[in-house]
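Here is how the chains run, residue by residue.
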Amino acid sequence: MLPKQRKIAIMGYRSVGKSSLSIQFVEGQFVDSYDPTIENTFVKTTKINNQEYDLKLVDTAGQDEYSILPIQYSMDIHGYVLVYSITSPKSFKIIQIIHDKLLDMTGKIHVPVVLVGNKKDLHMDRVVTQEEGQKLADSWKAVFLEASAKQNEITSKKCIADIFHTMLMEIEKANGNTVRENNKCSIL
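For the structure given in this document, a descriptive report is provided here. Every value quoted in this text rests on a predicted model; they were computed, and no experiment measured them.

**Describing the environment of Ile23**
Next, step 1: Looking at where Ile23 falls in the secondary structure, it is placed in helix α1 (residues 18–27).
Next, step 2: Looking at Ile23, the relative accessible area reads 14%, which means it is buried.
Next, step 3: Considering only alpha carbons, one finds Ile23 and Asp59, 36 residues apart in sequence, at a separation of 9.7 Å.
Next, step 4: Not counting residues up to four positions away in its chain, the partners in contact with Ile23 are Gly28, Gln29, Val31 and Phe42.

Listed below in structure tokens is the structure:
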């Protein structure tokens, strides 16, 4: 079976950990230093059940409420990982604006999205509740996950790779295919 080609855009406000999530998935390491991303593309092959996927991750520059989303963020993109920081109410507000702009730009009423509340390791500084994140994702008919790029975890049994595996399953579902989740953190 040939690998399926999938392109995923990772979007959110600046300093929410988009690059950290990408690097943790692709290279298996946490990068502590912060250089604002202009735009990076990461490539990784991963497998869900018996299907291989050649992923192209577009790690976008941080957006704000005034950013105009480049048209390439709607072309050939199969799904979106939208990231906010649980320590930043502004990033939570911006992610809602980004989602609205994506719908306007694509002309669709629904696009495959995984909403990620990052930096859950900073729980002492939390200002956006898990319930708020879940409620927003539900309103979008999206999957919601909280993550720590630093600790490479979503929940005790899942790791950052599962964000992207979940995204792939959402893309397949949007294409009318069903994919079973294999409940383990798997890195190829």
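What follows continues from the structure just given.
**Let's talk about the pattern of salt bridges**
Next, step 1: Following the criterion strictly, the structure yields five salt bridges and no others.
Next, step 2: Taking the shortest distance from any N to any O, the salt bridge between Glu153 and Lys120 comes out at 3.6 Å. You can see Glu153 sitting in the loop between β6 (143–146) and α4 (161–174) and its partner Lys120 sitting in the loop between β5 (113–118) and α3 (130–140), a full 33 residues away along the chain.
Next, step 3: Overall, Glu153 belongs to the partly exposed group, its relative accessible area being 26%.
Next, step 4: Here Glu146 and Arg126 are joined by a salt bridge, their closest N and O atoms 2.7 Å apart.

**Topic: the pairing of strand β3 (residues 51–60)**
Next, step 1: When you tally the buried positions in β3, you get seven out of 10 residues, the bulk of the element.
Next, step 2: Note that strand β2 (residues 39–48) and β3 share 10 bridges and pair antiparallel. For Lys44, the partnering residue across the bridge sits in β3 and is Leu55.
Next, step 3: The antiparallel pairing of β2 with β3 creates a hairpin that spans two residues between the two strands, and Asn49 there sits at a positive phi of about 55°.

**Thoughts on the packing of aromatic side chains**
Next, step 1: What the rule picks out here adds up to two aromatic pairs.
Next, step 2: Relative to Phe164, the ring of Phe25 has its centre 4.5 Å away and its plane inclined at 20°; by these criteria the two rings are stacked. Here Phe25, found in helix α1, pairs with Phe164, found in helix α4; they are 139 residues apart in sequence, far enough to count as distant. Each member of the pair, Phe25 together with Phe164, is buried.
Next, step 3: A ring pair is formed by Tyr84 and Phe92, whose centres lie 4.8 Å apart and whose planes are at 70°; its orientation type is edge-to-face. Pair check on accessibility: Tyr84 and Phe92 agree, each one buried.
Next, step 4: Lys44 extends its terminal NZ or CZ atom over the ring of Phe25, reaching a point 5.3 Å from the ring centre.

Conventions used here
Residues numbered from 1 in each chain as written. Predicted model: local features only at pLDDT ≥ 70, side-chain atom pairs only at ≥ 80, totals over all residues. Heavy atoms only, no water. Helix = DSSP H or I, 4+ residues; strand = E, 2+ residues; numbered from the N terminus. Buried < 20%, exposed > 50% of the residue type's maximum accessible area, 1.4 Å probe, protein only. Contact = heavy atoms within 4.5 Å. Salt bridge = Lys/Arg side-chain N within 4 Å of Asp/Glu carboxyl O. Pairing = 2+ DSSP bridges. Phe/Tyr/Trp six-rings, centres within 6.5 Å; stacked < 30°, edge-to-face > 60°. Lys NZ or Arg CZ within 6 Å of the ring centre and 35° of its normal.

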